[in-house]
Amino acid sequence: MISNKSLYILTFSMMILGIFIAFMRYEQTHIPFLASEKKDVWMLEARVDFQAQENTPVNVSLSLPSDTVDYKLYFEQSVSAGYGFSMMQKDGLKRGEWSVRQAKGKQTLYYKAQIVQDFSDQASLEEAKPHLEVKDDILWNEAESIAAKEILALAYAKSSDDISFTRELIKILSAKHTSKEGSILLAKRNYIDVLNKLLDDSGIVHKVSLALELEDGRRKQSLTPVIEVLSKNEWILFDPNNRLQEENKNFFLWTRGGKSLIEITGGTNATVHFSMIKQNMPALELAKTHVDDSGFSLFSVHRLPIEEQSLFKLLLLLPIGALITVFMRLIIGVKTSGTFMPVLIAMAFLQTSLFLGMLNFVVLVGIGLILRSYLSSLNLLLVARIATIIVIVIFMVAFMTLIGYELGFNTGMSVAFFPIIILAWTIERMSILWEEEGPQEVLIQGSGSLFVAALAYLAMVNGYVAHLFFNFPELHLIVIALMILMGRYTGYRLLELRRFREFKSI
Amino acid sequence: MRGFITPFSLKKSGILGMNSRNIEFISRYNDRKLYPLVDNKLQTKLLAQEHGINTPELLFVVRYQHDVYKLKEKLQNISSFAIKPACGSGGKGILVIRAKEGDNFVKASGAVIKLEDITRHVTNILAGLHSLSGDQDVAIVETLIEADSLFDEYSYQGVPDIRIIVFQGYPVMAMLRLSTKESDGKANLHQGAVGVGIDIKTGKAIHAVMQGEKILTHPDTKHTLDAIVIENWEELLLLASSCYEMSNLGYLGVDIVLDKNKGAMVLELNARPGLSIQVANSKGLLPRLREIEKISKKRKNFRERVDFVRNEALFSR
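On a predicted model such as this, the values are computed, not experimentally measured, just so you know.

The number of helices and strands found in chain B is 10 helices and 13 strands. Per-residue burial over chain B gives 48% buried out of 317 residues. Partitioning the intrachain contacts of chain B with sequence separation of at least 6 by distance along the chain shows that 63% fall at a separation of at least 24.

Quick look at the overall build of chain A now. Looking only at helices and strands, chain A features 18 helices and 12 strands. Within the span of chain A, comprising 506 residues, buried residues form 32% of the whole. Sequence separation of at least 24 residues holds for 76% of the intrachain contacts in chain A that already meet a minimum separation of 6.

Below, the discussion takes up the interface of chain B and chain A. Accessible area lost during the coming together of the parts is what is often quoted as the interface size. Contacts between the two partners involve 28 residues from chain B, matched on the other side by 26 residues from chain A. When contributions to the side of chain B that touches chain A are tallied by element, the ones reaching two or more residues are α1 (7-12), α2 (18-29) and α6 (115-127) of chain B. In terms of residue count, the dominant contributor to the side of chain B that touches chain A is α2(B) (six residues). For the side of chain B that touches chain A, the residue count by class is 10 nonpolar, 12 polar and six charged.

Residues and elements named next belong to chain B. Judged by pairing direction, the sheet is antiparallel, and its six strands sit side by side in the order β1-β6-β2-β3-β4-β5 without closing on themselves. Each of the sheet's edge strands pairs with one partner strand only, and the pair in question is β1 (58-62) and β5 (112-113). Bridge analysis of strand β4 (residues 104-107) against β5 gives two bridges, and the strand direction is antiparallel. The residue bridging F105 from the neighbouring strand is I113, located in β5.

Right, let's talk about the confidence of the model for chain A for a bit. In the predicted model, chain A carries a mean pLDDT of 79, and 82% of its residues have values of at least 70. Looking across chain A, the model is least confident in helix α13 (residues 411-415) of chain A, with a mean pLDDT of 52, and most confident in helix α17 (residues 476-487) of chain A, with 93.

It is worth spelling out the nonpolar core at this point. Nonpolar side chains in soluble globular proteins tend to be buried together. All names here are of chain B. Residues V166, V196, I198 and I256 are the most contacted members of the largest nonpolar core, which totals 95 residues. Top contributing element to this core by residue count: helix α7 (residues 233-247), with eight residues. A domain split of this core shows at least three residues from each of domain 1 (14-53 + 148-315) and domain 2 (58-143). Once residues within four sequence positions are removed from consideration, V196 is found in contact with M175, L176, L178, A205, A208, L225, I228 and A280.

Our next topic: helix α5 (residues 191-202) of chain A. Residue and element names in this part refer to chain A. Its 12 residues give α5 an end-to-end C-alpha distance of 17 Å, which sits within 8% of 16 Å, the value for a rise of 1.5 Å per residue. Among all positions in α5, only V194, L195, N196, K197, L198 and L199 are buried. Packed against the buried residues of α5 are α2 (142-157), α3 (162-174), α4 (180-186), β7 (206-213) and β8 (224-231). Just beyond α5, the residue with positive phi is G203, at close to 75°.

Residue and element names in this part refer to chain A. Their axes nearest at 8 Å, the elements α2 and α3 cross at an angle of 130°. Here α2 is positioned oblique relative to α3, judged by the angle of their axes. Taken as a pair, α2 and α3 cross one another with a handedness that is right-handed. Every residue of α3 that contacts α2 at I151, L154, A155 and Y156 is listed here: F165, E168, L169 and I172. In terms of residue class, the contact of α2 with α3 is built from seven nonpolar, no polar and one charged.

Turning our eyes to something else, we now look at the sheet that holds strand β10 (residues 251-255) of chain A. Residue and element names in this part refer to chain A. Strand order in the open sheet formed by four strands is β9-β8-β7-β10, with antiparallel pairing between adjacent strands. Of all the strands in the sheet, the pair left with one neighbour each is β9 (234-238) and β10. Averaged over all pairs of adjacent strands, the angle between strand axes in this sheet comes to 50°, irrespective of strand direction. When β7 meets β8, the two strands line up antiparallel, connected through six bridges. From the neighbouring strand, K207 faces β8, where its bridge partner is E228. Across the sheet, α3 is in contact with β8 and β9; its angle to β8 comes to roughly 150°.

Moving on, we come to helix α1 (residues 4-29) of chain A. Residues and elements named next belong to chain A. Taking 1.5 Å as the rise per residue, α1 with 26 residues should run 38 Å; its terminal C-alpha atoms sit 37 Å apart, in good agreement. For α1, the full list of buried residues reads M14, G18, A22, R25 and T29. Where α1 terminates, the next one or two residues include H30, which has phi positive at roughly 60°.

This next bit is on the environment of B:R98. Residues and elements named next belong to chain B. Here R98 lies in strand β3 (residues 95-101). Residues R98 and S109, spaced 11 residues apart in sequence, show a C-alpha to C-alpha distance of 9.0 Å. When residues no more than four places from it in sequence are discounted, the contact partners of R98 are S80, V106, A108 and L144.

Moving on: unusual backbone geometry. All names here are of chain B. Unlike most non-glycine residues, K222 shows phi in positive territory, near 65°. Secondary-structure assignment places K222 in the loop between β11 (213-214) and α7. Look at N232: it is not a glycine, yet its phi comes out positive at around 50°. By secondary structure assignment, the location of N232 is in the loop between β11 and α7. N232 gets classed as partly exposed once you count the C-beta atoms within 10 Å, which come to 13.

The rules behind the values
- Residues numbered from 1 in each chain as written.
- Chains lettered and ligands numbered in written order.
- Predicted model: local features only at pLDDT ≥ 70, side-chain atom pairs only at ≥ 80, totals over all residues.
- Helix = DSSP H or I, 4+ residues; strand = E, 2+ residues; numbered from the N terminus.
- Buried ≥ 20, exposed ≤ 12 C-beta atoms within 10 Å, placed from the backbone.
- Contact = placed C-beta atoms within 7 Å.
- Nonpolar A, V, L, I, M, F, W, Y, C, P; charged D, E, K, R; others polar.
- Pairing = 2+ DSSP bridges.
- pLDDT = per-residue confidence, 0-100.
- Core = buried A, V, L, I, M, F, W, Y, C linked by C-beta atoms within 7 Å.
- Domains from an automatic or database assignment.
- Expected span 1.5 Å × (residues − 1).
- Axes fitted to C-alpha atoms, helices over the stretch in contact; angles between N-to-C directions.
- Parallel < 35°, antiparallel > 145°, perpendicular 65-115°, else oblique.
- Left-handed = near helix turned anticlockwise from the far one by under 90°.

Next comes the structure, spelled out in C-alpha cells:
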C-alpha cells in the first residue's frame, strides 16, 4: 500500500497541476472562469450591390476592417454564391476581393463580421507613422487661401495642442452661422475635404477614415468619414459633424487612411450598405470562435463540432455527480441502491427537471414493484424476468407520455430520458430487497438514492460548475485527487456518529 | 446534537468505523484472491472438510438448470434441509425447510410451500439472483441444523449463530445472534434479530441490543438474555481461531452454530464482517485490533492465540 505521505504528494500535485493548466488556459484563451461575464458583440454585415457587365470578368475589392483599439474582430466570413473570395493586405490595409469570370444582372455580395468591445487588451496599435502624407488634390485659389490662413490663425490662437486645435477647427467650420471665411471655403467644396486640407496646411499628422456608427438594429447604413489625429502615439478620433465633440457616438473604424471603400471592375452602380445587430453574448461564446494556434485550443473541446460538444458537456459533468456520490457514501454514509445509480438518475433529472424527474421516478419504480410482484409468481428465469421488466418499463414510459400529452403537460415526454435498463434493474433489486429485508430497507435505500441523485443534480445543473468543468477539463484532476483522498479517509462517517450513539454513556 | 455522538468520544470508545475497517483492516489483511474461498460457500465447505473443520453436512449440489427437475426425486427422503446460493451474501436466498406435510414443505416460519416454489427458488439461485456479482451460481442443499437446547428459550424459529471476529488468528470479539419474529427467523441484526455480546474470555452474555437499542429480554420468548452462558466456549474459540489457518484471511468473521448432536460447526466465513458486533458488546474493536497488530509478528498456533486472548486484560468485558 502506498504510504499516506506519497499519497498526499500525489494528490496535491494533481490539484496544483489542474489549477496550473486551467490558469494557463485562461491566460491563452481568455475563457473566463465565471460564466456570467458578458461582453457586447456586434454582428456587422456589409452588403455590396452592383450591376454586372456582361462578358467581362468581375472583380470587387472591398476595404475590410481590422482590429482597432476598442474592438476586436473575432470572426469574419463572406457569403457570395459563385464568387471566389480572398482577403489580402494591400498598403497595410485589409481588403477582401471577390472575383468571378462571368456574371449577369444584379449581383449581391455579403461580408459578415463579429466584433467585440475589448478594453482589456492593449491594442496592437499599428506602428503610428508620424509623418504627413500631403495630398494636393485641393488647390486653394487666392481668396480661399487667405480665408484658410485666417481660420488657421483663429484656431491656433484658441488652442494649446494638436487635439484642441483640431477641435477648434471643427467648431469654426461646422458652426451653423459660419464665419465669412468658412463660407468662402465651403462654397464649392466638400466639408471633409476642406477640413482635411486645412489640417494638411497646419502640418498636423492626421488621416481621414471611414467609420461605421454602431447602433443596434440599424440597416442600410453607410460609413461616416471621421478625422483621426495623432497625439502621443495614439490616434484620436474626431467626428467632424459633432461640433462639441461629445463622446457619445460609438464608431467602429472600417477603413483607415482615406483609401477607397470599394473598387470594382466589370460592374457598375456599386453600393455598399451596412447593417448590424448588438448581442450580449457570454464572453465564452467569443473565446469559442476565437481559435488561435496555441496548444490549448488544439486540446480544447471547442475544436469539436457543436453536436459532439453538447455530448461532452454532459459527459464532463458525470465526474461531478460521481464525486458527490463518493462523498455522500464515504463521508456521510448514505445508503444507496446500486453504487452509481444516483448519478444516472441525476443525469436523467438534467433532462427532465428535478421535481418532475423525482415524481416520474417514484411512480415508475412504484408501479414496477407492483407488477414485479406478480411476475415473481410466474416462475421466470432471471434474465427473462429482467427483460420483461424492461418492456414493462418502456410501456409505462409510453403510457405516461400519452397521459402527459393528453393533459397538456410535457412531463411524460421527459420520462423517456430515464435509463430504462437501469430502471428495470432498480425495480428488480428493490423487489428482492423488499422480499428479503422488508419495505423499510427499500424505503431507506430508495430515498437515499433519490437524495444523492438530487444533490448530484443540483451540482451538475449549476451553471458555474458546468461552465468550469466543460471549459477547463483539467479541473477534473482536482476531482480525481479529491476522490482518491476520500477513498483513503479512515475516519467515521457522519451517520456512524448516530449509529453508535449508544456509546455516549461509556 | 442530540442523537449523535462526537467523533472524539467515538474514537475514545475505540469504535471501528466502516471506512477504517475497509481500508485499514480488510484491504490490508485480506488478500483479494482469497475472497472466492469465503464468498463461495461450496468452496468454504470443501476447504473446511479438508482441514477437518466441522461444518453442516452437504447433501447435494444443484449446478445446472436441468438438475432442478430432479429435485423432487432428490428431496424424497429428506424432511428438513436448507437451500443456499453458494455465492449469496448477508443470508440472502437461504430457504429453510423444517418439515414435510404430504407433498408440501414447511418453511422455518411455518408457511407451507409447494415443490414448485422450491424449484423456482433454486432456479433463481442458478440464474444468479442472489449472487454478489449477478453471475450464474450453484445451489447447495445441506442438512438442517438442530439448534442446541441451550437456545430453546432464546430463539424464535431460526437457529441462533455465534459470530466471532478473528483478527490474524486471534478471536477478538463475539456475539450471539438470535432470530426474532420481527427478523422473520433470520439472524441478521439489521433485519431485527437480537445481538447478544458475548464475553470473549468466558462465553457469558454481556449486553444485548435489538434494532440498535439496548434490551434485557428476548422480545418473543421474554427470557432474560444476560443469563446466557455458552458451554464449551473454549472449543468455539479454538474452532474460530483455526479458521485463520484454513482461510488465511487476516480479518475474518466466523459464523458458528451449535448443533444438538454434532456440536459446534462453522456455518460460513465472512471476509467483510459487519460492525454491529461492537454495538452488541457495547465495546469498540479498535483497541483489541491494535493490540493484536503489536504482537502478531510472533507466529503462534491457534491454542496459544486463544490462551493469549483469554489471559489478556484488554479483552475483558
